[in-house]
Amino acid sequence: MANTKKVKGAEALLLSLIAEGADIIFGYPGGQVIPVYDSLYDYSTRIRHILTRHEQGAVHAAQGFARATGKVGVCLATSGPGATNFITGIADAMLDSTPIVCITGQVPAAMLGSDAFQEADMVSMTTPITKWNFQVTSASEIPGAIAKAFYIARSGRPGPVVIDITKNAQIEEAEFSYEPCTYLRSYLPTPIIDHSAIDSAIDMINSAAKPLLIIGQGIKLSNAEQELILFAERGNLPIASTLMGISAVPNNHPLFIGNLGMHGNVAANRMTQDSDLIIAIGMRFSDRITGDVKSYAPNAKIIHIDIDLAELGKNLRVDLPIKADAKEAIQLLTEGIKHVERADWFTFASDMDAEEKREVTDNCGDPKGEYISMAQVVQQLAIAEESNAIIVTDVGQNQMFSALYSRFNHTRSFITSGGLGTMGYGLPAAIGAKVGVPEREVVAIMGDGGFQMNIQELGTIMQENLGLKMIVLNNSFLGMVRQWQELFFDARYSFTNLANPDFVAIAKAYNINAAQVSSPAELNKALEELVNAEGSYLLEIRVMAQENIFPMVPAGASLSKLIYK
């Protein structure tokens, strides 16, 4: 039996976090969580608390931390509005399979259900958007609840967990001992692989003339990047990535053909429609990837490998579903794979790359050269950073341009809100990423709209003295909505124009060095100054007001209906 000692529930919580290796918390104090903050006062050398300026900032920072490090992110807030401000981030983490443990304070157990001041039923509200949640009402429950929370959050398909702790449980004393959780009855996070299905998959791959390997974030979550590359090289398989899978494979790998979906690369989308076999690993066939499912990959059989049984066959019919951890499945497939030349298939990929360059890349931006384009910014940033930076985006045109034109040498280098598409995600998620991997360059790329949704987190950057680089692509529009209005609503720009403040002055008010650039001739120098800056730096780039992101598949259309302008 583990050694025990008597402590208050608040201290038991901190000791439990330390036992799990969680020495960073993103949070914001309040009335029903004061006992925990009082204990944090004595644990400041063992736990680093990052005081965000809003609870939504705390949960997104925990997400960015988790995505950059592969660890479980932790955030802390009080009851009521503090807790409910977590909800957007929790939903975001659920859709993007991000392991976070969200700890919220709650009114004393005796007052539950009485509509007490700042009481909100977090268990009921977060049940649909968590892997697990639990309300702690006594101090003795805390160690076990935290152990289960971390085990559930990080195992299997990762995701968010909420632990709601009543105030009395934080104050009461109980005997403390900690046992990490390694097993829960009826919860089997690591599937048992059907080897006959693996054998069938090997036969299908070896006999395919036009196979396409589609990778999602499951490759990163399984730490299967190297195994994937070996598998693809041995089988000579072209690799395409979902939005969430970006950076799992270096852009310069000869088998990598680009990104898929609504704003994906031409080669990846055209090859999907022409393929005779799709091998999808660790992705969920979202509507942004498939377009019209009735016309998706009409000539292909589909092998779908995912750790979550619920994803197999959920959005479209697959010929061979395999419930498995990505790394284990890839290792088994590699043992039987054969090298097939497929020269015509790769020639097709090269032809499609050339078509995209001719029809889109060479024509994007301002034809007169008077204004900076977003594509130009991202392309030049990749050169300036030598493809080594972690790029954290907000949501909208900035996100799609970053996905298309960023370049990555290392995994876990592209962090974005995929499933929920949360504006305001970029800045706090970049804070979390920088806290998690301070040795790496982290650049937040944001639009002027999304930046302002959590602009207060500049205060967190100032207080923590983070060396975070920020780019605000300012076109004075909600750019992606404006693009849809132009293309599909007769250019009726209803409430998408933004009257913006002086972003440079705001950054400087937070003691963050900042500059603005609007001329294409000045862009490279401005980016060099950003890259070489000591400490945090914000660069506001005045870009074309009505630039569009192409290629594009209209919502609900077939991937064959790519439009270039």
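Here is what the cut-offs are and how they apply
- Residues numbered from 1 in each chain as written.
- Predicted model: local features only at pLDDT ≥ 70, side-chain atom pairs only at ≥ 80, totals over all residues.
- Heavy atoms only, no water.
- Pairing = 2+ DSSP bridges.
- Helix = DSSP H or I, 4+ residues; strand = E, 2+ residues; numbered from the N terminus.
- Axes fitted to C-alpha atoms, helices over the stretch in contact; angles between N-to-C directions.
- Buried < 20%, exposed > 50% of the residue type's maximum accessible area, 1.4 Å probe, protein only.
- Contact = heavy atoms within 4.5 Å.
- 1 Å grid on protein atoms, 1.4 Å probe; cavity = no way out; pocket = protein on both sides within 12 Å on 5 of 7 lines; lining within 4 Å.
- Points joined across faces, edges and corners; volume = space filled by probe spheres on them.
- Phe/Tyr/Trp six-rings, centres within 6.5 Å; stacked < 30°, edge-to-face > 60°.
- Lys NZ or Arg CZ within 6 Å of the ring centre and 35° of its normal.
- Domains from an automatic or database assignment.
- Buried area = accessible area lost by both parts, 1.4 Å probe.
- Salt bridge = Lys/Arg side-chain N within 4 Å of Asp/Glu carboxyl O.

Caption draft 1: Up close: the sheet that holds strand E13 (residues 301-306). With parallel pairing, six strands are arranged side by side in an open sheet as E11-E10-E9-E12-E13-E14. Only two strands of the sheet have a single partner each, and these edge strands are strand E11 (256-259) and strand E14 (320-323). In this sheet, adjacent strand axes meet at a mean angle of 20 degrees when their direction is disregarded. As defined by bridge partners, strand E10 (residues 239-241) adjoins E11 across three bridges and the pair is classed as parallel. Bridging across to E11, Ser241 finds its partner in Asn259.

Caption draft 2: Summary view of the environment of Arg46. Note that Arg46 resides in the loop between helix H2 (34-40) and strand E3 (48-51). A residue is classified by how much of its surface remains accessible, and Arg46, at 47% relative accessible area, is partly exposed. In contact with Arg46, other than residues within four places in its own chain, are Leu15, Ile18 and Asp23.

Caption draft 3: Molecular detail of the pairing of E13. Within E13, five of the six residues are buried, which leaves it mostly tucked inside the rest of the structure. As paired elements, E13 and E14 share four bridges and run parallel to each other. Among the inter-strand pairings, His304 is bridged to a residue of E14, identified as Pro321.

Caption draft 4: Layout of the environment of Ser16. Checked against the element boundaries, Ser16 lands in helix H1 (residues 9-19). When the C-alpha positions of Ser16 and Pro180 are compared, they lie 9.1 Å apart, and in sequence the two are 164 residues distant. For Ser16, the residues in contact, after removing those within four places along its chain, are Pro143, Ile146, Phe176 and Tyr178.

Caption draft 5: Structural view of empty space enclosed by the protein. Inspection of the entire model under this criterion finds two cavities of 30 Å³ or more. Roughly 60 Å³ of volume is contained in the largest cavity. If you go around the largest cavity, the residues you meet are Val378, Leu381, Ala382, Glu385, Ser387, Asn388, Ala389, Ile391, Ser406, Arg407, Phe408 and Ile445. Sorting elements by how many residues they give to the lining of the largest cavity places helix H16 (residues 374-384) first, with three residues.

Caption draft 6: Region of interest: the sheet that holds strand E16 (residues 414-415). Reading across from one edge, E16-E15-E17-E18-E20-E19 is the order of the six strands in this open sheet, with parallel pairing throughout. Looking at the sheet topology across the chains shown, the edges are occupied by E16 and strand E19 (513-517). Of the pairings in the sheet, the one linking strand E18 (residues 469-474) to strand E20 (residues 537-542) comprises six bridges and is parallel in character. Within E20, the position partnered with Ile471 by the bridge is Leu539. Here helix H18 (residues 426-436) sits on the sheet and contacts strand E15 (390-393), E16, strand E17 (442-447) and E18; the angle it forms with E17, its principal contact strand, is near 175 degrees. Each of E18, E19 and E20 touches helix H23 (residues 520-532); the most contacted strand, E20, lies at about 165 degrees to it.

Caption draft 7: Up close: the packing of aromatic side chains. By the definition in use, this model includes ten aromatic pairs. Over the aromatic face of Phe477 sits the side chain of Arg482, whose NZ or CZ is 5.8 Å from the ring centroid.

Caption draft 8: Inspection of the domain arrangement of the protein at higher detail. Each domain of the protein was delimited in the assignment, giving domain 1 (5-176), domain 2 (195-355) and domain 3 (365-542). Taking the mean C-alpha position of each, domain 1 and domain 2 sit 37 Å from one another. In this assembly, seven residues from domain 1 lie in contact with seven residues from domain 2. Of the roughly 630 Å² buried where domain 1 meets domain 2, counting both sides, 54% is carbon and sulfur surface.

Caption draft 9: Structural detail: the pattern of salt bridges. Taken as a whole and assessed by the stated rule, the structure comprises 14 salt bridges. In this structure, Arg154 and Glu20 form a salt bridge, with 3.2 Å as the shortest nitrogen-oxygen distance. On the criterion of sequence distance, the pair formed by Arg154 in helix H7 (residues 142-154) and Glu20 in the loop between H1 and strand E2 (24-27) is long-range, its members being 134 residues apart. Judged by its relative accessible area of 42%, Arg154 is partly exposed. For Glu20, a relative accessible area of 15% gives the class buried. Of the charged contacts, one joins Glu311 and Arg157 as a salt bridge, the two residues approaching to 2.8 Å between their closest N and O atoms. Of the two residues, Glu311 is situated in the loop between E13 and E14 and Arg157 in the loop between H7 and strand E7 (160-166); the sequence distance between them amounts to 154 residues. According to the relative accessible area criterion, Glu311 is buried, its value standing at 5%. One salt-bridge network, in which partners are shared between bridges, spans Arg157, Asp308, Glu311 and Lys314.

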